[in-house]
Each structure stands twice: as C-alpha cells, then as structure tokens.
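# Residue-level structure breakdown
Chain residues, written in single-letter form:
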Amino acid sequence: MNKERKRILTGDRPTGPLHLGHFAGSLQNRVKLQKEYETFIIVADVQTLSTNFDHPEHLPADVWQVTLDNLSAGLDPEIVNIFIQSMVPQIAELTVFFSMFITVNRLRHNPTIKTEAGQHGFEENMTYGFLGYPVSQAADILFCRADLVPVGEDQLPVVEVSRFTARRFNELYGTVFPEPEGLKSETARLVGLDGKAKMSKSLGNCIYLRDSTEEVRKKLMSAVTDPARIHKDDPGHPEICTIFSYHQAFNREESPDIEERCRKGTIGCVACKKRMIQVIEEILDPIRERRIRFEKPGLIEEILKTGTEAACIEGSRTMQLVRGAMHTDYFDRRKS
Ligand code: TRP
C-alpha cells in the first residue's frame, strides 16, 4: 500500500469563480507540481455549507465552475484527480473519528477560524460544522495520506490542525498518516483592485480567471494607485501601489526597473497599468483557450466522476489502515 510518488491534496470551496488571488496563492503551484506529485484536487462542497448552508442551490453550478477554473488554469485531468468532497464517504467517516480527539479549544483559538468567524459575524453564534471545519479539512487532506498541501497564506493555520491531527492519531493508535506540509506560494497574498488587503469575491475587488480582455482592461485602468501622484512625473511610492504589487507578483523580472522609474517619476501610472494589462493578458489568454476546450458538454462531469472514483478507492485503502489501527475492523479481525 506504499505510494509510488509523494502526494498533494489541495482544493477550493465552490463559492463562485476563481480569481487571480487563487492563481497566485495556490493554482500556480498546483500546475507546476502536478507531474512531480500524485495530485488530488478537492472541490469542497461540504465546507461551502459551513457558511452557506442556507443556499445549497448554488452548489451544482459552483462545483462545475471551480472544476472548470482549475482545468483552465492548466491542471491535466489525465494525471490529476479532481473530486467532489461530499461524494467521498471516507472523508465524512474520518471527520467523525478525528473529532473524538481534537479539542474545542484548539479550534476556537485557530487564527483562521477567528478571522473568518469575524468576517461572517459568527463570533457569538457559530455552527458546530463551522467551528469544526478544520477537522473536516484534516480529513480532506489525510484521507489520501497527502504529504504536501499548496495553499494561500491565510489557510496555513488550518493546515496546522491537519498536521496536529496526523501526529496525534499516530501517537494514539499507531502510525498511519504522514504529517502533511503546507506549501505557501511566493506571493503571500494578492491585494484587491481597491487596495484592500485581499482580493476577495465578497469585496468585489477581483480579476477573475474567466474575465474578458475588456473586463481586465477596465478593472486595471480604474484600480487605485499612489494617491500622491497627480501628474505623471510626480515621484511615486510603489510600496503602497496596488498595480506595483501586481508587477511584483506577476512580472517579477521587470518589477525592480518599474520600481525605480516610479520613484523617479519617469513612468506614469497609465503606462504602468498598460504594461500590467499586457502581463495579465499573457497569463489569461492560455487559460481562456483551455476553458473553451473543457466547456465541451459532459466533459466536466466525466472528469469529476473519474476523479471521485479514484478518491474513493484511495479513501477505502486509508480506512482499512485506520480501522485496523483503531480496532474497529471488527469482521476482518475475527477472521485472522
Ligand atoms: N479551506 C480551503 C479554502 O477555503 C478549501 C479546502 C477545503 C482545502 N479542503 C481543503 C484546501 C484541503 C487545502 C486542503 O480555500
């Protein structure tokens, strides 16, 4: 039952289209590592319900959208397994077993849970499922005994719960799980078009992977820059400029030069934005081309079905080990 290659598990909540923040935070790493690691991509529909339990009607379209975005970004369905969380029962089983030994305090003090509870106004009144989503996410990661978890920076404390869960399980019942490592991307977090700390759908400050050339142009041209620059030869402060932070994220080679010219006032905001539009278009163009290919009727469904089957097979292998370790393999035990 040893794995031939190390494994990656990562994924997204299906809450709408993916944007450049997802691309910089995790998608780029997924695409880069898909050949080196055996890759499982989770479409975390149950986790979406941890905040959106009152709107399950959005799930089918959003599950399709997130899958299409991942494929368009460059994941190859011939080599990666993309699957739906709620259709892998072993993840639900593991969540229950893990929840017996993870304490409520560990979850309550988790920085990601605290921040997200604040964003959703859940401080006083959170559901059991929301508080426990890091446990369910540990099951997402450990059901396939993953080694590496590429995520955006804000998810690292949740990955920490998975590491603790693996360690604690192994201590209590015997070694079954590797301790999965979080892999943060080089771009810590992408700021929004409005200059807010984070590109986020709920803030409406995103460039989506599916945006058209015209939408990209409009969004970037109206993005906030350094308010001190009124004339194009005013010296600028790239460290506070949204567009400059995009140059750092997506145009690394050229960005020292742009920084210098901005400080001296020899490149204006309009020229700098125009260059950024070119850079983003170079990223989005191949994504758009692939999207057209994957939009073929029935293809996403077929890819999700195949990926989910592969995940279930891996899940039952893991459950065999887990049940053996936990003395809950009742009928197998009697035979031997
Ligand atoms: N929590 C992640 C997010 O909000 C999505 C997710 C669910 C995930 N299960 C995962 C990410 C397992 C990495 C590993 O984006």
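Here, the structure is the one placed above.
From a predicted model like this one, the values you see are computed outputs, not experimental measurements. (Residues numbered from 1 in each chain as written. Predicted model: local features only at pLDDT ≥ 70, side-chain atom pairs only at ≥ 80, totals over all residues. Heavy atoms only, no water.)

## Examining the overall build of the chain
If you tally the helices and strands in the chain, you get 15 helices and 5 strands. For 336 residues, the compact-globule formula gives about 20 Å, and the C-alpha radius of gyration of the chain, at 22 Å, lands near that figure. Its C-alpha atoms give the chain principal-axis dimensions of about 80 × 45 × 35 Å. By residue count, 51% of the 336 residues in the chain fall in the buried class. The long-range share in the chain, meaning contacts at least 24 apart out of those at least 6 apart in sequence, stands at 77%. With an accessible surface of roughly 16,800 Å², the chain has 53% of that area assigned to carbon and sulfur atoms. Positive and negative charge centroids in the chain, built from 44 and 48 side chains respectively, lie 2 Å apart. (Helix = DSSP H or I, 4+ residues; strand = E, 2+ residues; numbered from the N terminus. Rg over C-alpha atoms; globule rule 2.2 N^0.38 Å. Buried < 20%, exposed > 50% of the residue type's maximum accessible area, 1.4 Å probe, protein only. Contact = heavy atoms within 4.5 Å. Areas by Shrake-Rupley, 256 points an atom, 1.4 Å probe, with all protein chains shown as cover. Lys, Arg positive; Asp, Glu negative; His and termini not counted. Charge placed at Lys NZ, Arg CZ, Asp CG, Glu CD.)

## Concerning the environment of Ile102
Relative to the elements of secondary structure, Ile102 occurs in the loop between α4 (89-99) and α5 (104-108). Its relative accessible area of 8% is what places Ile102 among the buried residues. Each C-alpha atom of the pair Ile102 and Arg210 lies 39 Å from the other, and the pair is 108 residues apart in sequence. Those residues in contact with Ile102, other than ones at most four positions away along the chain, are Leu107, Val135, Phe164 and Thr165.

## A closer look at the nonpolar core
Leu20, Leu220, Tyr246 and Phe250 are the most contacted members of the largest nonpolar core, which totals 48 residues. Per-element tally for this core: the top contributor is helix α13 (residues 269-294), with 9 residues. Composition of this core by domain shows at least three residues from each of domain 1 (7-190 + 298-335) and domain 2 (213-291). Setting aside its immediate chain neighbours within four residues, Phe250 contacts Leu20, Phe23, Ala24, Leu190, Met276, Val279, Ile280 and Ile283. (Core = buried A, V, L, I, M, F, W, Y, C linked by side-chain atoms within 4.5 Å. Domains from an automatic or database assignment.)

## Digging into the pairing of strand β1 (residues 7-12)
On any regular strand, side chains alternate: one points to one face of the sheet, the next to the other face. Counting buried positions along β1 yields 5 of 6 residues, so the element is predominantly enclosed. When β1 meets strand β2 (residues 38-43), the two strands line up parallel, connected through 6 bridges. Residue pairing in the sheet places Asp12 in a bridge with Val43 of β2. In this fold, the crossover linking β1 to β2 by way of helix α1 (residues 20-33) has right-handed handedness. (Pairing = 2+ DSSP bridges. Right-handed = clockwise from strand over helix to strand, strands pointing away.)

## Re the pairing of strand β5 (residues 181-184)
Strand direction decides the pairing type here: strand β4 (residues 148-151) and β5, joined by 4 bridges, are parallel. Bridge pairing links Leu148 to Glu181 in β5. Between the parallel elements β4 and β5, the chain passes through helix α9 (residues 156-173) in a crossover that is right-handed.

## Side note on α9
For an α-helix the count is 3.6 residues per turn, leaving residues at separations of three or four pointing the same way. With 18 residues, α9 extends 26 Å from end C-alpha to end C-alpha; this agrees with the ideal 26 Å at 1.5 Å per step. The complete set of buried residues in α9 reads Val158, Val159, Val161, Ser162, Phe164, Thr165, Ala166, Phe169 and Asn170. A positive phi of about 110 degrees marks Gly174, the residue just after α9. (Expected span 1.5 Å × (residues − 1).)

## Here's the deal with the packing of aromatic side chains
In the structure shown here, the tally under the stated rule is 12 aromatic pairs. When the ring of Phe40 is compared with that of Phe83, the centres are 6.5 Å apart and the planes differ by 75 degrees; the resulting orientation is edge-to-face. Of this pair, Phe40 sits in strand β2 while Phe83 sits in strand β3 (residues 80-84), and the two are 43 residues apart along the sequence. An identical accessibility class is assigned to Phe40 and Phe83; each is buried. On the basis of an interplanar angle of 75 degrees and a centroid distance of 5.8 Å, the ring pair of Phe98 and Phe177 is categorised as edge-to-face. Of the two residues, Phe98 is situated in helix α4 and Phe177 in the loop between α9 and β5; the sequence distance between them amounts to 79 residues. On the basis of relative accessibility, which here comes to 0%, the residue Phe98 falls in the buried class. Residue class for Phe177 comes out buried when judged on its relative accessible area of 3%. Across the ring face of Phe164, the terminal group of Arg106 is positioned such that the distance to the ring centre comes to 3.4 Å. Positioned over the ring face of Phe294 is Arg293, at 5.7 Å from the centre of the ring. (Phe/Tyr/Trp six-rings, centres within 6.5 Å; stacked < 30°, edge-to-face > 60°. Lys NZ or Arg CZ within 6 Å of the ring centre and 35° of its normal.)

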